[in-house]
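Now for the letters of each chain:
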Amino acid sequence: MSSLGKIPWPLLREQARSATSRSYAPYSHVTVGAAGYTSNGEIITGSNIENASYGLTLCAECSLISALIGQGGGRLVAVAIVAGDGEPIAPCGRCRQLLFEHGGAELLVDAGETAAPHTLGALLPEAFGPSDLGVRRTP
Ligand SMILES: [Zn+2]
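Criteria and cut-off values
- Residues numbered from 1 in each chain as written.
- Predicted model: local features only at pLDDT ≥ 70, side-chain atom pairs only at ≥ 80, totals over all residues.
- Heavy atoms only, no water.
- Salt bridge = Lys/Arg side-chain N within 4 Å of Asp/Glu carboxyl O.
- Helix = DSSP H or I, 4+ residues; strand = E, 2+ residues; numbered from the N terminus.
- Axes fitted to C-alpha atoms, helices over the stretch in contact; angles between N-to-C directions.
- Parallel < 35°, antiparallel > 145°, perpendicular 65-115°, else oblique.
- Left-handed = near helix turned anticlockwise from the far one by under 90°.
- Contact = heavy atoms within 4.5 Å.
- Nonpolar A, V, L, I, M, F, W, Y, C, P; charged D, E, K, R; others polar.

Visitor: Hey, could you run me through the pattern of salt bridges in this one?
Guide: It is possible for side chains of opposite charge to pair when their charged atoms get near one another. Scanning all chains against the criterion turns up two salt bridges. The partner of Arg13 in a salt bridge is Asp110, and the shortest N-O contact between them spans 2.8 Å. Residue Arg13 is located in helix α1 (residues 9-19), and its partner Asp110 is located in the loop between β4 (108-109) and β5 (118-119); the two are separated by 97 residues in the primary sequence. The partner of Glu113 in a salt bridge is Arg17, and the shortest N-O contact between them spans 3.1 Å. In this pair, Glu113 sits in the loop between β4 and β5 while Arg17 sits in helix α1, placing the two residues 96 residues apart along the sequence.

Visitor: How should I be thinking about the packing of helix α2 (residues 60-70) against helix α3 (residues 93-103) in this particular structure?
Guide: The packing of two helices is summarised by the inter-axis angle and the distance between the axes. Two numbers describe how α2 lies on α3: the axes approach to 9 Å, and their chain directions differ by 25°. By the criterion of interaxial angle, the relationship of α2 to α3 is roughly parallel. For the pair α2 and α3, the sense of crossing is left-handed. On α3, the residues touching Glu61, Cys62, Ile65, Leu68 and Ile69 of α2 are Arg94, Cys95, Leu98, Leu99 and His102. Residue composition of the contact of α2 with α3, grouped by class: seven nonpolar, one polar and two charged.

Set out below in structure tokens:
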């Protein structure tokens with residue numbers, strides 16, 4: 001898989017910051033953008049999309065995964081997620097699970113310009129994933 005040196009972190013952060021401008025956040029006014037780097041070298045972005053029902057709000061990572069699949073799929077190797085202030089923001093629990101499906105425990109999650117990235121495995125230890133389905137099915 002990719003090494004840290006090959007991941008264009010500054011470009012990912014910039015794309016995530018740019019994606020905050022495409023957020024729909026009329027309720028919380030917290031805009032969030034996410035940019036993922038795939039194993040094919042592509043950058044995919046997403047923005048949060050709120051809903052008047054609140055519970056149906058889509059996080060930026062949801063939009064990113066939707067765009068990833070819509071553009072042909074691929075494996076995420078790194079992701080930067082930022083709020084409208086341009087600083088990293090942690091993925092919520094649901095999004096950690098979504099990211100795990102498409103990046104696994106090795107996925108690198110940006111922690112900012114002055115800190116080493118987190119692995120998703122550290123953010124979501126002992127994750128449930130696709131491999132659990134195959135071995136846990138009732139015969
Ligand atoms: Zn989320």
